[in-house]
Amino acid sequence: MRFGALEAGGTKMVCAIGNEEGKILDRVTILTETPETTMPKLLAYFQEKEVEALGIGCFGPIDLDPSSETYGYITTTPKLAWKNYDICGYFREGLGVPVGFDTDVNGSMLGESTWGCAKGLDTAIYITIGTGIGVGVLAGGKLLHGMQHPEGGHILLPRRADDTYEGKCPYHGTCMEGLASGPAIEARWGKKAAELSDCPEVWELEAHYLAYAITNYILILSPQKIILGGGVMHQEQLMPLVRGKVKEMLGGYIQTKELSDMDSYIVLPSLNDDQGILGALKLGIDAKMADI
Ligand code: ADP
Ligand code: ZN
């Protein structure tokens, strides 16, 4: 069977066709403009490929409550043209096939738990540290939704005493995203994050905030694996700093086999940057099975 997969992002839309084995057969990237210009292009692609179902991993916030009248909508996004937009309904009507829907980070989590380094695990988290920060959560072998979906990138963090930056988040100032996203690094230090490789103080502070948040996720969710993706993690010096600080912050309070091997506990994504699109593919496969 041929399934459609859409990784819907604020700057680009990645569309792909794949099969049940997680093999990507075709892929195109389309720029994210307004729904009026972008959506017909996406629909035409999936129509031509005659997909059996479509899975969408989407930027958010989105409505994932099946009992809600606005299920399948993008809701309060700062990307104004997409606010309160029925993205699922558009495809369900246009394609006449089941449509699976979740957040982009839950999608990446699902890709990793289906075909990657979190395969077979009960509980894990996927954190993307890029233009924004998002957290996808797998709990009890399933993606966690609750009343909407977790927004772990916006947890409130105390600003470190030596940091005077007021924070980038328009809602919370110094939440995790406000302190540690790519744009926050750029605003604090006055240079693009990728150009700050030679400044150890930048990555020491970044690792502090990431480790602070990760320590709290460990204490609350008890994940068996933590995957860190997104553009900021391309900074190779960051991962060992984060692992060291998490260990320090936990203070030896939790003793597990996972925590005794930090190198395989906190890891980079394992699917060659295809974790998002593969997760969307799995959302499509699951939608076909459930016929939703
Ligand atoms: P998005 O979050 O928009 O989907 P990315 O995950 O690629 O995209 O994240 C983009 C962010 O990552 C930008 O803020 C950029 O500054 C930052 N970034 C990209 N490459 C690097 C790098 N090598 N080192 C540090 N930061 C980087
Ligand atoms: Zn915030």
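Please refer to the structure higher up on the page.
Notes on the structure follow. In this text the structure is predicted, and so the values were computed from the model without any measurement. (Residues numbered from 1 in each chain as written. Chains lettered and ligands numbered in written order. Predicted model: local features only at pLDDT ≥ 70, side-chain atom pairs only at ≥ 80, totals over all residues. Heavy atoms only, no water.)

1. Focus: the overall build of the protein chain
And then number 1: Looking only at helices and strands, one finds nine helices and ten strands in the protein chain.
And then number 2: In terms of overall size, the protein chain behaves like a compact globule, its C-alpha atoms giving a radius of gyration of 19 Å where 292 residues would be expected to give roughly 19 Å.
And then number 3: Taken along its principal axes, the extent of the C-alpha atoms in the protein chain is 55 × 40 × 35 Å.
And then number 4: Buried positions account for 52% of the 292 residues belonging to the protein chain.
And then number 5: Carbon and sulfur atoms provide 52% of the accessible area of the protein chain, an area that totals close to 13300 Å².
And then number 6: Of the side-chain charges in the protein chain, 24 are positive and 38 negative, and the distance between the mean point of each set is 2 Å. (Helix = DSSP H or I, 4+ residues; strand = E, 2+ residues; numbered from the N terminus. Rg over C-alpha atoms; globule rule 2.2 N^0.38 Å. Buried < 20%, exposed > 50% of the residue type's maximum accessible area, 1.4 Å probe, protein only. Areas by Shrake-Rupley, 256 points an atom, 1.4 Å probe, with all protein chains shown as cover. Lys, Arg positive; Asp, Glu negative; His and termini not counted. Charge placed at Lys NZ, Arg CZ, Asp CG, Glu CD.)

2. Section: the pattern of salt bridges
And then number 1: Per the counting criterion, the structure on display carries twelve salt bridges.
And then number 2: Notably, a salt bridge pairs Asp 26 with Lys 49, separated by 3.5 Å at the nearest N-O pair. Note that Asp 26 is positioned in strand β3 (residues 24-31) and Lys 49 in the loop between α1 (35-48) and β4 (54-58), a separation of 23 residues in sequence.
And then number 3: For Asp 26, a relative accessible area of 29% translates into the label partly exposed.
And then number 4: Relative accessible area serves as the criterion here: at 17%, Lys 49 is assigned to the buried category. (Salt bridge = Lys/Arg side-chain N within 4 Å of Asp/Glu carboxyl O.)

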